[in-house]
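Overview (structure and organization)
Next come the chains, spelled out residue by residue.
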Amino acid sequence: MPDATTTLDYAAPRRGSKSAMVAARIAVALIGIALPYLARIPGMVSRGPDWLTSYFGSGLGAFVFFGAFNAINWGAIVLASLAFRSIPAVVVAAAVGFALPIYAHATLDLASDAQAAIGLIFIPIFSLPLVGLGWLLGLGVDWAWRRRSGRAV
């Protein structure tokens with residue numbers, strides 16, 4: 001039977017390694033890039049496939065357009081995550097920061113009005129206060145996670 005010094009405590013949280021934190025930030029960026037399209041998938045059930053394809057526009061130009069403006073949102077989340085040392089803090093910040101864009105992309109009807117597409121520009125801008133709230137909540141989660149694991153600073 002192993003003694004207490006050689007057993008591993010699997011219940012204790014582990015601090016995120018640098019490579020795990022980089023992977024979490026890359027995952028936030030990839031989710032942020034795909035978010036407008038993923039948010040529209042549930043609406044296809046009631047509104048048909050045109051609901052999703054309205055975001056594809058004219059090929060690569062539409063993808064670059066969405067990517068450029070959504071970089072405001074997911075880039076701010078990645079930037080905020082630089083203050084964290086644990087992956088759960090990144091998850092909390094991303095969940096809060098992506099809440100408004102998910103809702104807005106899922107409900108924005110581009111066919112409703114000629115000016116509806118302007119909303120695509122403002123969605124990531126209006127989500128910045130939630131990114132700030134996610135950053136604050138992430139700091140709290142990070143602090144609690146490190147304190148629980150005995151690595152509080």
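Presented here is an overview of the structure given in this document. (Residues numbered from 1 in each chain as written. Predicted model: local features only at pLDDT ≥ 70, side-chain atom pairs only at ≥ 80, totals over all residues. Heavy atoms only, no water.)

Brief notes about the environment of G140
Within the secondary structure, G140 is located in helix α8 (residues 128–148). Judged by relative accessible area, which is 36%, G140 ranks as partly exposed. For the pair G140 and V92, spaced 48 residues apart in the sequence, the C-alpha separation amounts to 9.9 Å. (Helix = DSSP H or I, 4+ residues; strand = E, 2+ residues; numbered from the N terminus. Buried < 20%, exposed > 50% of the residue type's maximum accessible area, 1.4 Å probe, protein only.)

Observations concerning the packing of helix α5 (residues 87–97) against α8
At their nearest, the axes of α5 and α8 sit 8 Å apart, and the two run at 160 degrees to each other. When the interaxial angle is binned, α5 and α8 end up roughly antiparallel. The way α5 lies across α8 gives a crossing that is right-handed. Here P88, A89, V92, A93, V96 and G97 of α5 lie close against α8, whose contacting residues are L130, V131, L133, G134, W135, L137, G138, V141, D142 and W145. In terms of residue class, the contact of α5 with α8 is built from 12 nonpolar, three polar and one charged. (Axes fitted to C-alpha atoms, helices over the stretch in contact; angles between N-to-C directions. Parallel < 35°, antiparallel > 145°, perpendicular 65-115°, else oblique. Left-handed = near helix turned anticlockwise from the far one by under 90°. Contact = heavy atoms within 4.5 Å. Nonpolar A, V, L, I, M, F, W, Y, C, P; charged D, E, K, R; others polar.)

Here's the deal with the nonpolar core
With 16 residues, the main nonpolar core has V28, W74, I77, F84, V90, A94 and F98 as its most contacted residues. Breaking this core down by element, the ones donating at least two residues are α1 (18–40), α4 (60–80) and α5. Ranked by residue count, the leading element in this core is α1, at five residues. L52, Y55, F66 and L120 belong to the second-largest nonpolar core, a separate cluster that totals eight residues. (Core = buried A, V, L, I, M, F, W, Y, C linked by side-chain atoms within 4.5 Å.)

Here's the deal with a nonpolar patch on the surface
Residues I72, I118, F122, I125, F126 and L128 make up a contiguous nonpolar surface patch of roughly 510 Å² in combined accessible area. It is helix α7 (residues 119–126) that contributes the most residues to the nonpolar patch, three residues altogether. By the secondary structure assignment, I125 is in helix α7. Assessed through its relative accessible area of 36%, I125 is described here as partly exposed. (Patch = residues over 30% accessible without salt bridge, like charges linked within 9 Å, V, L, I, M, F, W, Y side chains within 5 Å. Areas by Shrake-Rupley, 256 points an atom, 1.4 Å probe, with all protein chains shown as cover. Salt bridge = Lys/Arg side-chain N within 4 Å of Asp/Glu carboxyl O.)

Overview of α8
Spanning 21 residues, α8 covers 30 Å between terminal C-alpha atoms, matching the ideal 30 Å at 1.5 Å per step. Within α8 the residues assigned to the buried category are V131, G134, G138, D142 and R146. All buried residues of α8 fall inside an arc of 95 degrees around its axis, so they share one side. Seen from the open side of α8, the exposed residues pointing more than 90 degrees away from its buried face are P129, R147 and R148. On the buried face of α8, the contacting elements are α4 and α5. (Expected span 1.5 Å × (residues − 1). Arc of directions from axis to C-beta.)

Comments concerning the side chain of S127
Tracing the sequence through the fold places S127 in the loop between α7 and α8. Apart from residues no more than four positions distant in its own chain, S127 is found in contact with N73, G97, L100 and P101.

Details of the side chain of D142
Take D142: it is sitting in helix α8. A polar side-chain atom of D142 sits 3.2 Å from the main-chain amide nitrogen of R85. In this view, D142 contacts A83, F84, R85, S86 and A89; residues no more than four positions away in its chain are not counted. (Polar contact = N/O pair within 3.5 Å; in protein donor to acceptor, adjacent residues only side chain to side chain.)

Things to note about the pattern of salt bridges
Going through the model one piece at a time under the given rule, you end up with one salt bridge. For R146, the salt bridge is made with D142, and the minimal N-O distance between the two is 3.4 Å. Here R146 pairs with D142, and both are found in helix α8, just four residues apart, close to one helical turn. There is no split in this pair, since R146 and D142 are both buried.

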